[in-house]
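Commentary on secondary and tertiary structure
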Amino acid sequence: ILQSLDAANPYLEGYPDRLAEFLPAVRDLKAQLARQGFELAGDEELKLTVHPKSYGYTGIELADFLAGRGIVCEFADPDFTVMMLAPETGEAGLLRLREALASLPRRARVLESAPKIPEAEQVMTVRSAVFAASEILPAAECEGRILASESVGCPPAVPIAVCGERIGAEALRCFEYYGITKLRFVRE
């Protein structure tokens, strides 16, 4: 491990300069995408977060479109597509991304929005629920059951429900919306 750290030191030594040279190109890409009509979210300089519903796509559809052009996203859900950029992406990588997004045909706005995460009834402590005997079931069969293990699309994330909460129909709609099909529940 120490040898790998030593080997990385020369690379890291020049990284601040490479980063400073790369950031203007990222800012330019973001400005061009905004002018093209893409709705961007967040303010992390090396993260490109697209909210593509205004362009007519879900985040998953956009990620699939990009994957078909050899561009792999960090994360996608129904609402967002997230890409991590780095100096190693280079201007050529940014150009590939820009050209792929420019070729995306605009469609009618996607109107479906994320369901509101409901307030749930806490019936057990988190600790009790986590250590209780549990089973995994299809989410659709879990209404009224007590959650034993959180399920999120991409950690870290805001959980739809917390361990020890009883799951209602609204929570099940959220799980379905985010593509969470199985849940771990306290065996009763």
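Preceding block: the structure.
A count of helical and extended segments in the protein chain gives 6 helices and 9 strands. Here the protein chain has a C-alpha radius of gyration of 21 Å; the compact-globule value for 188 residues is 16 Å, and the former is much larger. For the protein chain, the residues scored as buried account for 36% of the 188 residues in total. Intrachain contacts of the protein chain at a sequence separation of at least 6 include 66% that bridge at least 24 residues. When the accessible surface of the protein chain is totalled, it reaches about 11100 Å², and 55% of it is carbon and sulfur. Computed over 20 positive and 28 negative side-chain charges, the separation of the two mean positions in the protein chain equals 4 Å.

This part covers a nonpolar patch on the surface. A grouping of Ile1, Leu2 and Leu5 is seen on the molecular surface, where their side chains present a nonpolar patch of about 390 Å² in accessible area. Since its relative accessible area comes to 48%, Leu5 is described here as partly exposed.

With that settled, consider the sheet that holds strand 4 (residues 81–84). Strand pairs in the sheet, formed through backbone hydrogen bonds, run parallel or antiparallel to each other. Taken together, the 4 strands give an open sheet; going across it, the order is 1-2-4-3, and neighbouring strands pair in antiparallel fashion. On the outer flanks of this sheet lie strand 1 (39–41) and strand 3 (75–76), each paired with one strand and no other. Where strand 2 (residues 47–51) meets strand 4, 4 bridges bridge the pair, whose relative direction is antiparallel. Looking at strand 4, one finds that Val50 is bridged to Thr81. Along the sheet, helix 2 (residues 15–36) contacts strand 1 and strand 2; its crossing angle with strand 2, the most-contacted strand, is approximately 10°. Of the strands in this sheet, strand 2, strand 3 and strand 4 are in contact with helix 3 (residues 59–67), which crosses strand 4 at around 45°.

Here is what the cut-offs are and how they apply
Residues numbered from 1 in each chain as written. Predicted model: local features only at pLDDT ≥ 70, side-chain atom pairs only at ≥ 80, totals over all residues. Heavy atoms only, no water. Helix = DSSP H or I, 4+ residues; strand = E, 2+ residues; numbered from the N terminus. Rg over C-alpha atoms; globule rule 2.2 N^0.38 Å. Buried < 20%, exposed > 50% of the residue type's maximum accessible area, 1.4 Å probe, protein only. Contact = heavy atoms within 4.5 Å. Areas by Shrake-Rupley, 256 points an atom, 1.4 Å probe, with all protein chains shown as cover. Lys, Arg positive; Asp, Glu negative; His and termini not counted. Charge placed at Lys NZ, Arg CZ, Asp CG, Glu CD. Patch = residues over 30% accessible without salt bridge, like charges linked within 9 Å, V, L, I, M, F, W, Y side chains within 5 Å. Salt bridge = Lys/Arg side-chain N within 4 Å of Asp/Glu carboxyl O. Pairing = 2+ DSSP bridges. Axes fitted to C-alpha atoms, helices over the stretch in contact; angles between N-to-C directions.

Bear in mind that shape data such as this cannot, by itself, settle questions of function.
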